[in-house]
Amino acid sequence: MSIATPDPLADARLEDLPAHSRALLAVAERQWDREHGLMMFAYGSLMWNPGFEPAQTLVAKVQGYHRALRLRSLVNRGSAEEPGLVMTLLSGGSCRGLMYRVAPEDSEATLHRLWLREMVIGTYVPRWLDCHCADGLGVRKALAFTLSRRSPGWVGDIADDRLLHILRHAHGRYGTTLDYLQRAVTSLREHGIHDRALERQLALARKNGL
């Protein structure tokens, strides 16, 4: 008999989020074109663990932002003693990932659940970005969680020796930064996407016995 996994967001409430996080939600809802339901651009853990059932999944590309393992994680993939790293979208370049379409009837509840998951502290800057879809659907606006380089959570450039230390030691409630990196590369490969920077970082880890 399988044992149900507890829902980590079961008791989470929007009204308990910081005021600026709730304000950003209100902005996102005002800017949302609801005609096709909720569109989400996934570039990190949402690729392998979206936490919802998308009605459609497409490989897509955004211009003007790139994926980077540059956001400090003190809870999910690290701790205050050994901070970890997770992905974010930084301005500049381009990024290939997944675009999820959520059915209209599920969209509002899904958006609120994503806010409770991703905007607990309110570090990200949510934006509606143009997603260029690979299957001929053209360009669709999708919500993505980006990061400002002025954010205290942005770690800046990371030397290889520092990255290796983090990959060896950082561990949080959802596992290690190394596991996070491995899952990201595997998920991207499964969709025919090869992120040069992440591939290099994983190869560095393997070369050093991780």
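Residues numbered from 1 in each chain as written. Predicted model: local features only at pLDDT ≥ 70, side-chain atom pairs only at ≥ 80, totals over all residues. Heavy atoms only, no water.

### A closer look at the pattern of salt bridges
Stated precisely, the cut-off is as follows: The term salt bridge refers to a side-chain nitrogen of Lys or Arg lying within 4 Å of a carboxyl oxygen of Asp or Glu.
One pass over the structure, following the stated rule, counts 10 salt bridges. The salt bridge involving Arg13 is made with Asp16; its shortest N-O contact spans 2.9 Å.

### Observations concerning helix H4 (residues 177–190)
Put simply, the test is: Strands here are runs of E lasting at least two residues and helices are runs of H or I lasting at least four, both read from the DSSP assignment and numbered beginning at the N terminus. For a helix, the expected span equals 1.5 Å multiplied by the number of residues minus one. Note on classification: 1.4 Å probe, protein chains only; a residue is buried when its accessible area is under 20% of the maximum for its type, exposed when over 50%, partly exposed between these limits. In what follows, a contact means two residues having at least one pair of non-hydrogen atoms within 4.5 Å.
Compared with an ideal rise of 1.5 Å per residue, which puts 14 residues at 20 Å, H4 spans 20 Å between its outermost C-alpha atoms and is within 8% of the ideal. Looking at H4, one finds that the buried residues are Thr177, Leu178, Tyr180, Leu181, Ala184, Val185, Ser187 and Leu188. Its buried side turned inward, H4 meets strand E2 (56–73), strand E3 (84–102), helix H3 (160–169), strand E7 (175–176) and helix H5 (196–207). At the C-terminal side of H4, Gly192 shows a positive phi close to 75°.

### A short note on the environment of Thr186
Mapped onto the elements of the fold, Thr186 is located in helix H4. Residue classification places Thr186 among the partly exposed residues on the basis of a relative accessible area of 39%. For the pair Thr186 and Gln31, spaced 155 residues apart in the sequence, the C-alpha separation amounts to 33 Å.

### Here we look at the packing of aromatic side chains
Rules: Pairing of aromatic rings covers Phe, Tyr and the six-membered ring of Trp, with a centre-to-centre limit of 6.5 Å; geometry is then stacked below 30 degrees between planes, edge-to-face above 60, and tilted otherwise.
In the structure shown here, the tally under the stated rule is 6 aromatic pairs. When the centroid spacing of 6.5 Å and the interplanar angle of 15° are considered together, the rings of Trp32 and Trp128 count as stacked. Pair noted here: Trp32 is in the loop between helix H1 (19–31) and strand E1 (38–42) and Trp128 is in strand E4 (residues 125–133), with a separation of 96 residues, a long-range link. Between Trp48 and Tyr180, the aromatic rings sit 5.4 Å apart at their centres with planes inclined by 75°, giving edge-to-face as the arrangement. Placement of the pair is Trp48 in the loop between E1 and E2 and Tyr180 in helix H4, with a sequence separation of 132 residues. Look at Trp48 and you get partly exposed, because its relative accessible area is 22%.

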